[in-house]
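Notes for the structure review
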Amino acid sequence: MNTIICPVVAEGPLPDPVAQLQTARRLVEDRYSSEQPLARAALHLIDCATDIVGQLPEGDLDAARGALGSARAAVVSATFAVGRVRDMSAAGADQA
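Here goes a summary of the coordinates provided. Because the structure is a prediction, the values reported are computed rather than measured.

**Concerning the side chain of threonine 50**
For threonine 50, the position within the fold is in helix 2 (residues 37-55). Among the polar contacts listed, one links the side chain of threonine 50 to the backbone oxygen of isoleucine 46, at a separation of 2.8 Å. Excluding anything up to four places from it in sequence, threonine 50 contacts Val18 and Leu21.

**Re the pattern of salt bridges**
Inspection of the entire model under this criterion finds 4 salt bridges. Across the salt bridge formed by aspartate 87 and arginine 86, the nearest N and O atoms sit 3.5 Å from each other. By relative accessible area, which is 41% here, aspartate 87 ends up partly exposed.

**Focus on helix 3 (residues 61-95)**
Note on helix geometry: an α-helix contains 3.6 residues per turn, so any two residues three or four positions apart are oriented the same way. Taking 1.5 Å as the rise per residue, helix 3 with 35 residues should run 51 Å; its terminal C-alpha atoms sit 51 Å apart, in good agreement. Every buried residue belonging to helix 3 is among Ala67, Ala78, Gly83 and Val85, and all of these are buried. Turning to helix 3, the residues buried within the fold contact helix 2.

**Structural notes on the packing of helix 2 against helix 3**
Viewed as axis vectors pointing N to C, helix 2 and helix 3 meet at an angle of 175°, and their least axial separation amounts to 11 Å. Judged on the interaxial angle alone, helix 3 and helix 2 are roughly antiparallel. Contact with helix 2, carried on its side by Pro37, Leu38, Leu45 and Ile52, involves Ala67, Ser70, Ala74, Ala78, Val82 and Val85 of helix 3 and no other residues of that element. Of the residues assigned to the contact of helix 2 with helix 3, the class counts are 9 nonpolar, 1 polar and no charged.

Rules of the game
- Residues numbered from 1 in each chain as written.
- Predicted model: local features only at pLDDT ≥ 70, side-chain atom pairs only at ≥ 80, totals over all residues.
- Heavy atoms only, no water.
- Helix = DSSP H or I, 4+ residues; strand = E, 2+ residues; numbered from the N terminus.
- Polar contact = N/O pair within 3.5 Å; in protein donor to acceptor, adjacent residues only side chain to side chain.
- Contact = heavy atoms within 4.5 Å.
- Salt bridge = Lys/Arg side-chain N within 4 Å of Asp/Glu carboxyl O.
- Buried < 20%, exposed > 50% of the residue type's maximum accessible area, 1.4 Å probe, protein only.
- Expected span 1.5 Å × (residues − 1).
- Axes fitted to C-alpha atoms, helices over the stretch in contact; angles between N-to-C directions.
- Parallel < 35°, antiparallel > 145°, perpendicular 65-115°, else oblique.
- Nonpolar A, V, L, I, M, F, W, Y, C, P; charged D, E, K, R; others polar.

Set out below in structure tokens:
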């Protein structure tokens, strides 16, 4: 299993969430081929999260709840995609 490790600094002001997501995207791009289905799914989820986080007004609870609903839907979709890729990989291994 490949794990992406990124140092986290606990001191000082909170880092910009959009910048953190952009860093995560670069790490995924650097570490994995965008031809891999799970890497493409991860990049898409990071892009969606970046778009949503970038549009959130600071302190707007209703907007945050809406974003949370979107995030939950994305997790359900990603879970399905991971299962589908796993099933396709298993079927390919059985045919080999």
